[in-house]
Amino acid sequence: KTSSGERFHNKHYTAAHMKLPFGTMVRVTNEANGKFVDVKVNDRGPYSKKLEIDLTRTAFMEIASNKKSGTFKVKMEIIEKK
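Criteria and cut-off values
Residues numbered from 1 in each chain as written. Predicted model: local features only at pLDDT ≥ 70, side-chain atom pairs only at ≥ 80, totals over all residues. Heavy atoms only, no water. Buried < 20%, exposed > 50% of the residue type's maximum accessible area, 1.4 Å probe, protein only. Helix = DSSP H or I, 4+ residues; strand = E, 2+ residues; numbered from the N terminus. Pairing = 2+ DSSP bridges. Contact = heavy atoms within 4.5 Å. Polar contact = N/O pair within 3.5 Å; in protein donor to acceptor, adjacent residues only side chain to side chain. Phe/Tyr/Trp six-rings, centres within 6.5 Å; stacked < 30°, edge-to-face > 60°. Lys NZ or Arg CZ within 6 Å of the ring centre and 35° of its normal. Axes fitted to C-alpha atoms, helices over the stretch in contact; angles between N-to-C directions. Core = buried A, V, L, I, M, F, W, Y, C linked by side-chain atoms within 4.5 Å.

A look at the pairing of strand β1 (residues 14-17)
- The side-chain alternation of β1 yields two buried faces, one formed by Thr 14 and Ala 16 and the other by Ala 15 and His 17.
- Note that β1 and strand β3 (residues 36-43) share 3 bridges and pair parallel. Counted as the bridge partner of Ala 16 is Asp 43 from β3.
- As paired elements, β1 and strand β4 (residues 53-55) share 3 bridges and run antiparallel to each other. Pairing of His 17 across the sheet is with Ile 53, part of β4.

Things to note about the environment of Asn 42
- Turning to its location among the elements, Asn 42 is positioned in strand β3.
- Asn 42 gets classed as buried once you look at its relative accessible area, which sits at 3%.
- Spatially, the C-alpha atom of Asn 42 lies 8.8 Å from that of Phe 8, the residues being 34 residues apart in sequence.
- Beyond its immediate sequence surroundings of up to four residues, Asn 42 is in contact with Thr 2, Ser 3, Ser 4, Glu 6, Thr 14, Ala 15 and Phe 22.
- A distance of 3.2 Å separates the side chain of Asn 42 from the side chain of Glu 6, its partner in a polar contact.

Remarks on the packing of aromatic side chains
- Summed over all chains, the structure comprises 1 aromatic pair.
- Sitting over the ring of Phe 22, Arg 44 keeps its end group 4.2 Å from the ring centre.

Topic: the sheet that holds β1
- With respect to topology, 5 strands assemble into an open sheet ordered β4-β1-β3-β2-β5, the strand pairing being mixed. Two strands in the sheet have a free side with no partner beyond their single neighbour: β4 and β5 (74-80). This sheet shows a mean twist of 40 degrees between the axes of neighbouring strands, independent of strand direction.
- Relative to β3, strand β2 (residues 25-30) runs antiparallel, the two sharing 5 bridges. Across the sheet, the residue bridging to Val 26 is Val 39, located in β3.

Structural notes on the nonpolar core
- Membership of the largest hydrophobic core comes to 13 residues, with the highest contact counts inside it found for Val 26, Val 28, Val 37, Val 39, Ile 53 and Leu 55.
- Listed by contribution, the elements that provide at least two residues to this core are β2, β3, β4 and α1 (57-63).
- Among all residues touching Val 37, those that are not within four sequence positions of it are Tyr 13, Val 26, Arg 27, Val 28, Ala 59, Glu 62 and Ile 63.

This is the structure we're talking about:
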């Protein structure tokens, strides 16, 4: 289970963020290639001070330039706040 109580699914377009309210929709854009994905915040994390948002595998793979990379710089925009 996620912190919001939802069941975790790696195939869904969801993300973990430390401060944004659960249910907030965020557009995450890969700064290197301009690809973006819209995700719903349903969990808390990441617990690293260097990382701001943690995407599910499906969301990550949709915008990654290098599928073997673990992190990349992104721009985040709140598109719907709960």
